[in-house]
Amino acid sequence: MTTVTFFMEGSRITGFEASGHSGYADAGEDIVCAAVTSTVRLVECVLNDVMGLCAPVKVREESARITLRLPGSLGQAAEDTCQNLLAGMMVYLTGLHGEYPGFIEVMEAEAP
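**Concerning the pairing of strand β2 (residues 12–19)**
No. 1: Among the eight residues that make up β2, six are buried, leaving the element largely enclosed by the rest of the structure.
No. 2: Inspection of the sheet shows strand β1 (residues 2–9) paired to β2 by seven bridges, in the antiparallel sense. Counted as the bridge partner of Met8 is Ile13 from β2.
No. 3: Between the end of β1 and the start of β2, which pair antiparallel, lie two residues, with Gly10 showing a positive phi angle near 65°.
No. 4: Pairing geometry for β2 and strand β4 (residues 65–69), over five bridges, is antiparallel.

Below is the structure:
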């Protein structure tokens, strides 16, 4: 199962971690994993390449795990955009969970 955990400080999303293989299909043919990976890549591209944040969002990839953390010193406009983007990601992945409940879990946790 793929687990996506959104890290929260109050109502602020500070980042997320996606880990595990969904098990919906074999690697390379798994539409659930492909959807999660595409979503993560889109968010990373918007934050770093489109918004050009002064302090780039750090994405760490390890075997079957991707972690993204927002910098703490964003201007108000960038913060609002980041929060809307991450909230949209959470809504999208929660919908994916509704379609494939045995293959993806979406959770919230207090920021480390």
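**Regarding the side chain of Ser22**
No. 1: Along the chain, the position of Ser22 falls in the loop between β2 and α1 (31–50).
No. 2: Residue classification places Ser22 among the buried positions, given a relative accessible area of 4%.
No. 3: Within the structure, Ser22 has its side chain in polar contact with the side chain of Asp30 (distance 2.6 Å).
No. 4: Not counting residues up to four positions away in its chain, the partners in contact with Ser22 are Met1, Thr2, Asp30, Val32, Cys33 and Phe103.

**Comments concerning the state of the cysteines**
No. 1: Counted by the stated rule, this structure contains zero disulfides.
No. 2: The structure places no disulfide on Cys33, whose sulfur is separated from the nearest cysteine sulfur, that of Cys45, by 19 Å.
No. 3: The buried category is assigned to Cys33, whose relative accessible area is 16%.

**A short note on the packing of aromatic side chains**
No. 1: For the coordinates displayed, the defined rule picks out three aromatic pairs.
No. 2: When the ring of Phe6 is compared with that of Phe16, the centres are 5.9 Å apart and the planes differ by 50°; the resulting orientation is tilted. Of this pair, Phe6 sits in strand β1 while Phe16 sits in strand β2, and the two are 10 residues apart along the sequence. Of the two residues examined, Phe6 and Phe16, each falls in the buried class.

Rules used in this analysis
Residues numbered from 1 in each chain as written. Predicted model: local features only at pLDDT ≥ 70, side-chain atom pairs only at ≥ 80, totals over all residues. Heavy atoms only, no water. Buried < 20%, exposed > 50% of the residue type's maximum accessible area, 1.4 Å probe, protein only. Helix = DSSP H or I, 4+ residues; strand = E, 2+ residues; numbered from the N terminus. Pairing = 2+ DSSP bridges. Polar contact = N/O pair within 3.5 Å; in protein donor to acceptor, adjacent residues only side chain to side chain. Contact = heavy atoms within 4.5 Å. Disulfide = S-S within 2.5 Å. Phe/Tyr/Trp six-rings, centres within 6.5 Å; stacked < 30°, edge-to-face > 60°.

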